[in-house]
Amino acid sequence: MKTKPFVIFFVLAAVCCALLLAPAAGLAADKVIKWRMAVLYPRGASFGVTYPVFTEAVKRMSGGRMEIEVVYDGEGVPATEVLSATRSGLVEMGAPYQALHAGEFPAGVVELGLPGGPSKYQELKALFREGGWLQEMRKAYATIGIYYLGEAFQPGTYVLTKKPINSIGDFKKLKIRCPGAYGKMLANLGASPVVMAFSEVYTALSTGVVDGVDGCNLVDHETGKFYEVAKYMYPLPLTGSQVAGLIVNMDAWKKLPDDLKAILEAASVIFGDDQMTKSIIWEKESLKKMMDSGLKMSPAPSAGDVAKWNAAGKAVWPEYEKKNKFCKKLLELQDAFLKRID
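Everything quoted here is computed from the prediction, not taken from an experiment. (Residues numbered from 1 in each chain as written. Predicted model: local features only at pLDDT ≥ 70, side-chain atom pairs only at ≥ 80, totals over all residues. Heavy atoms only, no water.)

A. Structural detail: the layout of surface pockets. Taken as a whole, the largest pocket encloses approximately 200 Å³ of empty space. Lining the largest pocket are 14 residues, with P115, G116, P237, L238 and N310 positioned closest to its centre. Breaking the lining of the largest pocket down by element, the ones donating at least two residues are β11 (239-243) and α12 (303-314). Broken down by element, the lining of the largest pocket gets its largest block of residues, 4 residues, from α12. Class assignment of the residues belonging to the lining of the largest pocket gives a composition of 6 nonpolar, 7 polar and 1 charged. (1 Å grid on protein atoms, 1.4 Å probe; cavity = no way out; pocket = protein on both sides within 12 Å on 5 of 7 lines; lining within 4 Å. Points joined across faces, edges and corners; volume = space filled by probe spheres on them. Helix = DSSP H or I, 4+ residues; strand = E, 2+ residues; numbered from the N terminus. Nonpolar A, V, L, I, M, F, W, Y, C, P; charged D, E, K, R; others polar.)

B. Seen up close, the pairing of strand β5 (residues 153-157). The buried fraction of β5 is high, at 5 of 5 residues. Sheet topology places β5 next to β11; 4 bridges connect them, and they run antiparallel. Within β11, the position partnered with P155 by the bridge is S241. (Buried < 20%, exposed > 50% of the residue type's maximum accessible area, 1.4 Å probe, protein only. Pairing = 2+ DSSP bridges.)

C. Seen up close, the packing of helix α5 (residues 121-129) against helix α14 (residues 325-341). It is the contact of α5 with α14, at a shortest axis distance of 11 Å, that shows an interaxial angle of 120°. As judged from the angle between their axes, α5 and α14 are oblique. Considering the relative orientation of α5 and α14, their crossing is right-handed. Residues E123, A126 and L127 of α5 touch α14, and the partners they reach there are L333, Q334, F337 and I341. Considering only residue class, the contact of α5 with α14 consists of 5 nonpolar, 1 polar and 1 charged. (Axes fitted to C-alpha atoms, helices over the stretch in contact; angles between N-to-C directions. Parallel < 35°, antiparallel > 145°, perpendicular 65-115°, else oblique. Left-handed = near helix turned anticlockwise from the far one by under 90°. Contact = heavy atoms within 4.5 Å.)

D. Molecular detail of the packing of aromatic side chains. Tallied over the full model, the rule gives 15 aromatic pairs. Measuring from centroid to centroid gives 5.2 Å for Y141 and Y148, while their planes differ by 15°, and the two rings are stacked. With a centroid separation of 5.3 Å and an interplanar angle of 85°, the aromatic rings of F171 and Y234 are classed as edge-to-face. Of this pair, F171 sits in the loop between β6 (160-161) and β7 (175-177) while Y234 sits in the loop between β10 (232-233) and β11; the two residues are 63 residues apart in sequence, bridging distant segments of the chain. Both residues of the pair, F171 and Y234, belong to the buried class. Connected via pairs of aromatic rings, a cluster forms that spans Y41, F47, F198, F226 and W282. Lying across the ring of W317, K314 places its NZ or CZ 3.8 Å from the centre. When the ring centre of Y320 is taken as reference, the NZ or CZ atom of K323 above it lies at 5.5 Å. (Phe/Tyr/Trp six-rings, centres within 6.5 Å; stacked < 30°, edge-to-face > 60°. Lys NZ or Arg CZ within 6 Å of the ring centre and 35° of its normal.)

E. Seen up close, the sheet that holds β7. Strand order in this open sheet of 6 strands is β8-β7-β9-β6-β10-β13, and the pairing throughout is mixed. The open sheet has two free edges, formed respectively by β8 (192-194) and β13 (296-297), since each of these has just one partner strand. In this sheet, β13 lies alongside β10 in parallel orientation, the contact comprising 2 bridges. Its bridge partner lying in β13, M233 is registered against M297.

F. Here's a closer look at α12. An ideal rise of 1.5 Å per residue puts 16 Å on 12 residues; α12 measures up with 17 Å between its terminal C-alpha atoms. Inspection of α12 places D305, W309, A312 and G313 among the buried residues, and these make up the whole buried set. Buried residues of α12 fall within an arc of 100° about the axis and therefore sit on the same side. Along its buried surface, α12 packs onto α7 (180-188) and α13 (316-321). (Expected span 1.5 Å × (residues − 1). Arc of directions from axis to C-beta.)

G. Summary view of the nonpolar core. Of all hydrophobic cores here, the largest spans 105 residues; its most connected members are Y51, F54, F171, L186, L264 and W309. Counting residues per element, this core draws most heavily on helix α11 (residues 258-292), at 7 residues. Each residue touching L264, except ones within four places of it in the same chain, is listed here: W35, F54, V58, M66, I68, L149, W253 and L256. Counting residues in each nonpolar core, the second largest holds 6 residues, with V71, V77, V82 and A85 among its members. (Core = buried A, V, L, I, M, F, W, Y, C linked by side-chain atoms within 4.5 Å.)

H. How the structure looks around the side chain of S286. Among the secondary structure elements, S286 is positioned in helix α11. Residues in contact with S286, not counting those within four places in the same chain, are L218, V219 and E222.

I. Focus on helix α6 (residues 133-142). Along α6, the residues that are buried comprise W133, L134, E136, M137, A140 and Y141. Angular distribution of buried residues about the axis of α6 spans 165°; they occupy a single face of the element. Looking at the buried residues of α6, the elements they touch are α3 (82-88), α4 (106-112), α5, β4 (146-150), β12 (246-249) and α14.

J. Region of the structure containing the confidence of the model for the chain. Confidence in the prediction for the chain averages 89 pLDDT; 91% of positions are at 70 or higher. Across residues 1-29, confidence stays below pLDDT 50; counting only partners more than four residues off in sequence or on other chains, it has 1 contact. (pLDDT = per-residue confidence, 0-100.)

This is how it looks when you write it as structure tokens:
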């Protein structure tokens, strides 16, 4: 029996359609871009719970075309290696704590906030968006193969110690986990700063490796339970608030289409604002929880001690001005901004 021509035509047409549609389906599946983002905090600790705000915003706004997995501290990339992991491409993104990378990237320490800089969240946001810091940070990070996505805000930092600080002289010879410029400030007061990841602090305090901890906001102190082994809080902050940005490996960034780049930048603004609003509430709640659980305040400092404290912080600025042209430019922009809003 002969096969009719129109039957052969439809069979061939079906085969051609199948061949054409199969690659298309494969291409559609391949369009989901999957990245990894290394972060400062361990899973569930302090501001570690906020990272999904960013990743879910990216997935939602991209219609599922982009997914980002959070790599928490202790789960593949230590907090002390977030910058280098992002720079090398081991991960596509990072959310570092720049004080941990002071030797690698001094401009990041200025970005985080030197002692005595702007302390109000609105002022910090205006410094980035209206005062030129966002553009300058992008120039600085580009020199090490990183695209600076955007800024996020957190509360300022306070020192917890195992023994009360009765006068400013009590800081002498204390070993305190305090990285970056904050460590340099305490070194100006005679302390010995130590750099370590958030996840290592509790054990270091409880075993006597360090005598105190800073480089942490009050939310960090509370969720890390540091107040259990360092029961005294010095009432003066090293800085009133901090900035911890999101960074992207430059090669990975350049491979993205423009619409996904815009989505990442928009999601970073959502993330930064979320951390800012949470900070306002969480800081007060965390202090109350710690005080209710036995945290005590060291005695209020004298006027002379306050002056010495402020001088120790301000003394850090000239050192960072000399680090490189980006540090110098950032501080010039900050000074000009402060004069504009004064």
